[in-house]
Amino acid sequence: MSTATNEIELELYIIRHGQTFGNLGKSQNGASFTDIHDPVLTPKGQNQAEKLGERFKNYPFDAVFASGLRRAMQTASEIVKRQPETGAKNIIVHPLLSEVGGVEDEYTGLSFSEAEEMFPLITLAEGFDKNGRIISYTKGWSDRQQLERAENVLKYIKSRYNKGSKVAVVAHAAFNTFIFHSALGLDPEKVIFDPHFLNTGVTKIVFFKEGTGRYNIDIQLVYQNDLSHLYSDYPEYSLEPCYF
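Let us look at the structure shown here.

Rules used in this analysis
Residues numbered from 1 in each chain as written. Predicted model: local features only at pLDDT ≥ 70, side-chain atom pairs only at ≥ 80, totals over all residues. Heavy atoms only, no water. Helix = DSSP H or I, 4+ residues; strand = E, 2+ residues; numbered from the N terminus. Contact = heavy atoms within 4.5 Å. Polar contact = N/O pair within 3.5 Å; in protein donor to acceptor, adjacent residues only side chain to side chain. Buried < 20%, exposed > 50% of the residue type's maximum accessible area, 1.4 Å probe, protein only. Core = buried A, V, L, I, M, F, W, Y, C linked by side-chain atoms within 4.5 Å. Axes fitted to C-alpha atoms, helices over the stretch in contact; angles between N-to-C directions. Parallel < 35°, antiparallel > 145°, perpendicular 65-115°, else oblique. Nonpolar A, V, L, I, M, F, W, Y, C, P; charged D, E, K, R; others polar. Salt bridge = Lys/Arg side-chain N within 4 Å of Asp/Glu carboxyl O. Left-handed = near helix turned anticlockwise from the far one by under 90°.

In this structure, T177 sits in helix α6 (residues 173-184). Note: C-alpha distance between T177 and G127 (50 residues apart in sequence) is 25 Å. In this structure T177 touches D194, P195 and F197, once residues within four positions along its chain are discounted. A polar side-chain atom of T177 sits 3.1 Å from the main-chain carbonyl oxygen of A173.

Okay, here's the thing in structure tokens:
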């Protein structure tokens, strides 16, 4: 029997943004260049984000991160707006959280000031320049390069939040997969399953101080792709397979 004391260093919540028109395989009517390359949420996606925020309204996060793409910041806003008094007050935009190859080279992304005008709760991750780009360009990168990017994100978070902290990361389906692989020490070139991330699905991973985890295992996958906050409005999510 383990005598571990279960000393938690970090509770990590990996979350995908709400539904966008791009997820539906079509563009919003009258979509601009920005709308096509950096879509916002559909009305359904907005509702999903609001339900996500309600899920955590009594659960204070120490930090909420998001990519610099609009759908992620929009989703993260609904979490932060509903945080309790002791919870996160801002969204930390981290440029390395962009989707895998999901940004075309000709789209430079919003400037930080443009993003701040749309999402007043954002701040930029420490070490990045507000005059620089807030999204990453990774088109053509190998799985190994994407994994290294995810590892850098986790190192950044763990170096700042490691005293029992609760941190939410709102990003994108493909890149969340690499964060998942990195967090669990998996090699994406050898893994033969897809953890899959549905819109506003929540994955919780707990990191314990070395040697204190249950059964002497210091990383615990608590749940993956949980959508319980959507079941009242979208019961099909609990009954039918979804692969979008």
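Another aspect to go through is helix α3 (residues 70-80). Burial runs high along α3: 11 of the 11 residues are buried. Listed as buried for α3 are R70, R71, A72, M73, Q74, T75, A76, S77, E78, I79 and V80.

What follows concerns the side chain of T20. You can see T20 is positioned in the loop between β1 (8-16) and α1 (33-37). The exposure class of T20 is buried, given its relative accessible area of 2%. Polar side-chain contacts of T20 include one of 3.3 Å to the backbone nitrogen of G22. Discounting chain neighbours no more than four positions away, the residues touching T20 are P39, V40, L41, T42 and R71.

A few words now on the nonpolar core. I15, F61, V64, M73 and I122 are the most contacted members of the largest nonpolar core, which totals 29 residues. Elements that contribute at least two residues to this core include exactly β1, β2 (63-66), α3, β3 (91-93), α4 (112-118), β4 (122-124) and β5 (165-171). The biggest single contributor to this core is α3, with five residues. Leave out the neighbours within four places in its chain, and I15 touches L52, F56, I79, A168, V169, V170, A171, N176, T200, G201 and V202. Core analysis: the next-biggest nonpolar cluster, separate from the first, contains 27 residues, L10, F65, Y161 and I205 among them.

A separate point is the packing of helix α5 (residues 143-160) against α6. Across the interface, α5 lies against α6 with an axial gap of 8 Å and an inter-helix angle of 70 degrees. When the axis of α5 is compared with that of α6, the two are roughly perpendicular. Contacts from D143, Q146, L147, R149, A150, E151, V153 and L154 of α5 reach α6 at F175, F178, I179, H181, S182 and A183. For the contact of α5 with α6, the residue count by class is eight nonpolar, three polar and three charged.

Below, the discussion takes up the pattern of salt bridges. Tallied over the full model, the rule gives 11 salt bridges. Note that D233 is salt-bridged to K51, the shortest N-O span being 3.5 Å. Of this pair, D233 sits in the loop between β7 (219-226) and α7 (236-239) while K51 sits in helix α2 (residues 43-55), and the two are 182 residues apart along the sequence. On the accessibility criterion, D233 (34% relative accessible area) is partly exposed.

On to the side chain of E78, then. Counting through the fold element by element, E78 comes out in helix α3. Side-chain polar atoms of E78 contact the side chain of K81, separated by 3.0 Å. The residues touching E78, leaving out its near neighbours within four places in the chain, are Q46, A49, E50 and G53.

This part takes up the packing of α2 against α3. Two quantities define a packed helix pair, namely the angle between the axes and the distance from one axis to the other. Where α2 contacts α3, the axes come no closer than 7 Å and their chain directions differ by 35 degrees. As α2 runs across α3, the sense of the crossing is right-handed. Taken together, the residues of α3 that come into contact with α2 (itself represented by Q46, A49, E50, L52 and G53) are Q74, T75, E78 and I79. Classifying every residue of the contact of α2 with α3 gives three nonpolar, four polar and two charged.

Keep in mind these values describe shape, not function.
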